[in-house]
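Residue strings, one per chain:
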Amino acid sequence: MNTHLTPRFRTNVPLRAAADFAVTLLFPRRCPICDEPVKPWNALVCSECAPKPAYVEPPICLKCGKHIANSCREYCADCASHPHLFDSGRALFSYRSVSASIARFKYHGRREYAAYYASCMEDRLGSYVRSCRAEALVPVPLHKSRLKKRGYNQAQALAEELSARTGIPMRADLIERTRKTAPMKDLSAAERQNNLKRAFKIRRNDVKLSIIIIVDDIYTTGSTIDAMSREFKKAGVERIYFISLAIGKGI
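Overview of the structure. Predicted model only: the values in this text are computed from it and were never measured.

Describing the nonpolar core
In a soluble, globular protein the nonpolar side chains are often hidden away together inside.
Here is step 1 of the chain: The biggest cluster of nonpolar side chains holds 40 residues, and the ones touching the most others in it are Leu92, Phe93, Tyr117, Met121, Ile213, Ile243 and Leu245.
Here is step 2 of the chain: For this core, the secondary structure elements donating two or more residues are strand E1 (88-94), helix H3 (95-107), helix H4 (113-132), helix H6 (154-166), strand E5 (211-219) and strand E6 (239-247).
Here is step 3 of the chain: If sequence neighbours within four positions are ignored, Tyr117 has contacts with Leu92, Phe93, Ser101, Ile102, Phe105, Leu158 and Leu245.
Here is step 4 of the chain: Counting residues in hydrophobic clusters, the runner-up holds 30 residues, among them Ala91, Ile175, Met228 and Phe242.

A short note on the pairing of strand E2 (residues 136-139)
Here is step 1 of the chain: Residues Ala136 and Val138 line one face of E2 and the alternating positions Leu137 and Pro139 line the opposite face, and both faces are buried.
Here is step 2 of the chain: Of the strand pairs in this sheet, E2 and E5 are connected by 4 bridges, and their pairing is parallel. When the sheet's bridge partners are listed, Pro139 is paired in E5 with Val215.

Details of the packing of aromatic side chains
Here is step 1 of the chain: Counted according to the given criterion, the structure contains 9 aromatic pairs.
Here is step 2 of the chain: Ring centres of Phe86 and Tyr219 lie 6.2 Å apart, and the angle between their planes is 90°; on these two criteria the pair is classed as edge-to-face. Separated by 133 residues along the polypeptide, Phe86 in the loop between helix H2 (77-81) and E1 and Tyr219 in strand E5 bring together distant segments of the chain.
Here is step 3 of the chain: With relative accessibility at 1%, the residue Phe86 sits in the buried group.
Here is step 4 of the chain: The buried category is assigned to Tyr219, whose relative accessible area is 3%.
Here is step 5 of the chain: Members of the aromatic cluster, connected to one another through ring pairs, are Tyr55, Phe93, Phe105, Tyr113, Tyr116 and Tyr117.
Here is step 6 of the chain: Over the aromatic face of Phe86 sits the side chain of Lys63, whose NZ or CZ is 5.6 Å from the ring centroid.
Here is step 7 of the chain: Positioned above the aromatic ring of Tyr55 is the side chain of Arg124, whose terminal nitrogen or guanidinium carbon lies 4.0 Å from the ring centre.

Cut-offs applied
- For every chain, the first residue of its written sequence is number 1, and the numbers climb from 1 along that sequence.
- Given that the model is predicted, a residue must reach a pLDDT of at least 70 before its local features are reported, and side-chain atom pairs must reach 80 or more before they are shown or counted; all residues, however, enter totals for whole chains, interfaces and linings.
- Hydrogen atoms and water are omitted, and side-chain values are computed over all heavy atoms in the structure.
- To form a nonpolar core, buried Ala, Val, Leu, Ile, Met, Phe, Trp, Tyr and Cys residues must be joined to one another through side-chain atoms within 4.5 Å.
- Each residue is assigned to one of three classes by its accessible area relative to the maximum for its type, calculated with a 1.4 Å probe on protein chains only: buried under 20%, partly exposed between the two thresholds, exposed over 50%.
- Under the scheme used here, helices are H or I runs from DSSP no shorter than 4 residues and strands are E runs no shorter than 2 residues, and both carry numbers assigned from the N terminus.
- We call two residues contacting when some pair of their heavy atoms lies within 4.5 Å.
- In this description, strands pair whenever DSSP reports at least two bridges between them.
- When two rings of Phe, Tyr or Trp (its six-membered ring) have centres within 6.5 Å they constitute a pair, described as stacked for plane angles under 30 degrees, edge-to-face for angles over 60, and tilted for the intermediate range.
- A ring has a charge above it when a Lys NZ or an Arg CZ is no more than 6 Å from the ring centre and no more than 35 degrees off the ring normal.

Here it is as structure tokens:
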């Protein structure tokens, strides 16, 4: 599985490839793992860094996709005790193995990492994504103040790259974050739920979609996905899935 190779674009192949080539010559791509200029220069990740991230391996929770130690169990402890509003989800990496990479992606302007992440997602999670038969990829939105500070939404950058590879439309116009919430990493599970009350609002009167996949960078308790799912279900969306870059371990 060559996740470090230049990705296979399914739409606008010549134009996108030419643009990427020109940008890479002027501004060498940085490796998402070591953050040095990538070697070889036209790859998405350094060849020596490619094996370092730890992928989520079976057995996994059938609901959220966390790795669980007991292969006899179908669900992690969290999903077994706390019903979720989404149908199911999958994650790519074990969080600890890529936490520094994702921090740079979110907070230090490494938007270019999205191409590598999406390429790995297509390779590892492509069959799951196709099985969902989704009509749209929906990135978790940022509040406008946080978007202004960062300059881009990392979930949207990832969804755009994944859309180019899968052909599933990316829709960032369906839902917005109307309340600036506290950073989720500092909160307990109960605090996360309270933090997200009335945080999202559907932007369109008629969503006209039956199946969507929400795209995010990190899955912890599912509070964000549930909060968005609640609004989408009110708008008539029937089935809601998610994919995330990283996830913790289940028990």
